[in-house]
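Fold and contact review
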Amino acid sequence: MLGAIDRSRFEVIPLGFTRDGALVLEDDDPQKFALGGAELPEVVDNGTRVHWPENAHSRELTVERDGQRSSLGVIDVVFPILHGSYGEDGTVQGLFELAGLPYVGSGVLASALAMDKHFTKTVLQHAGIAVAPWHTLSRHDWQSDPDAATAALRDLALPVFVKPARAGSSVGVSKVSDPTEMDAALRIAFDEDDTVLIEQGVVGREVEIAVLGARPGQKPRTSDHAGEIVVSGRDFYDFDAKYLGADGIELVCPAPMGSERLAEMKSIALTAFDAVGAEGLARVDFFLTDDGFVLNEVNTLPGFTPISMFPTCWIASGLSYADLITELIDVAVERGAR
């Protein structure tokens, strides 16, 4: 993103959160956090400390370094590119709200809702959207009744997927093809969250479409084309395939799909976007089965590298990566001015 943003319009102040939650001033280097290597790049503590505005009437950022505090200037909008807890779950969005800072993407409620797989499914079902059958299990339930997870399999056919309710990027997700694998899968999932989903495996094509939020007086819109994740030689599209360049995955856009099917997919995606109260952007993920679409997830902060599916769908639809970034910023600024 740093290498694509329109520098003739925008002055960029790159910030990063360390693992300990310190907010530091980062290098304006597009290559520093490039994906595709054997390990994920990491924000390290460089000794700087960035401070949010002191009140909601100021948009001035300041930074401490070498014992001195100085101004970074008044900012117009925050563009969060974060995944997982404290990034896409509404917490950092709440911080922006408290500081009175406009930001790209969904607000607190939609971010928290879409991050929680149980409540996302509940809301989508209420909106009439097909989702995979599931059982939700808390850590207390599992500890007090270890057989509860196995009992859930009576209503679900193997294979199932065991997932933390509130984790992203396939972290903590396991495929269970035999009941004897359930205990290990639950331990992995409960390492990430206190609530876990046991979800029916769905046989179908994995297809995704991108949604852009609306400017005032307009309606959200989808990309013209859908994308498809083609999995070969792997059990599923896991963390290593998403971020570490593991083999066995091909991302295809435009996905081969008839016009009627594509129109149906777009309509469901917009209904889902509205149902969770999303704003700004989202990637909506489906399984296309013999019986139609089954919605898997609504990602309110999808991957945003040039080869990620959200930008790829828009690029295939005629909107360049740089123009996509500009559109998202402009929409956020207009929303913040309301």
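Rules used throughout
- Each chain carries its own residue numbering, running from 1 in the direction its sequence is written.
- Only residues with pLDDT of at least 70 are given local features in this predicted model, and only at 80 or more are side-chain atom pairs given and counted; all residues enter the totals for whole chains, interfaces and linings.
- With hydrogens and water stripped out, all remaining heavy atoms of the structure feed into the side-chain values.
- Think of it this way: any DSSP run of H or I at least four residues long counts as a helix, any run of E at least two long counts as a strand, and we number them from the N terminus.
- When checking whether two residues touch, look at their non-hydrogen atoms; a contact exists if any pair is within 4.5 Å.
- The rule is simple: take the accessible area with a 1.4 Å probe, protein chains only, and divide by the maximum for that residue type; under 20% is buried, over 50% is exposed, in between is partly exposed.
- UniProt positions are given in the numbering used here, feature names are shortened, and annotations may be inferred rather than shown by experiment.

1. Let's talk about the environment of M265
Among the secondary structure elements, M265 is positioned in helix α8 (residues 259–275). Excluding residues within four positions of it along the chain, M265 makes contact with V207, E208, I209, A226, M257, F286 and F293.

2. Points about unusual backbone geometry
In this model, L158 is joined to P159 through a cis peptide bond whose omega is 0 degrees. Within the secondary structure, P159 sits in the loop between α5 (148–152) and β7 (160–164). Along the chain, C253 connects to P254 via a cis peptide bond; the corresponding omega equals 5 degrees. By the element assignment, P254 lies in the loop between β13 (249–252) and α8. Notably, D66 is not glycine yet its phi reads approximately 55 degrees, a positive angle. Considering the arrangement of structural elements, one finds D66 in the loop between β4 (60–65) and β5 (68–74). We classify D66 as exposed; its relative accessible area is 79%.

3. Things to note about the UniProt feature "binding site: Mg(2+) 1" (unreviewed entry) in the protein chain
UniProt's feature table lists "binding site: Mg(2+) 1" (unreviewed entry) at D285 and E297, given in the numbering used throughout. Mapping D285 onto the fold places it in strand β14 (residues 281–289). Other than its neighbours up to four places away in sequence, D285 contacts V207, E208, V294, L295, N296, E297 and N299. As for its placement among the helices and strands, E297 is situated in strand β15 (residues 292–299).

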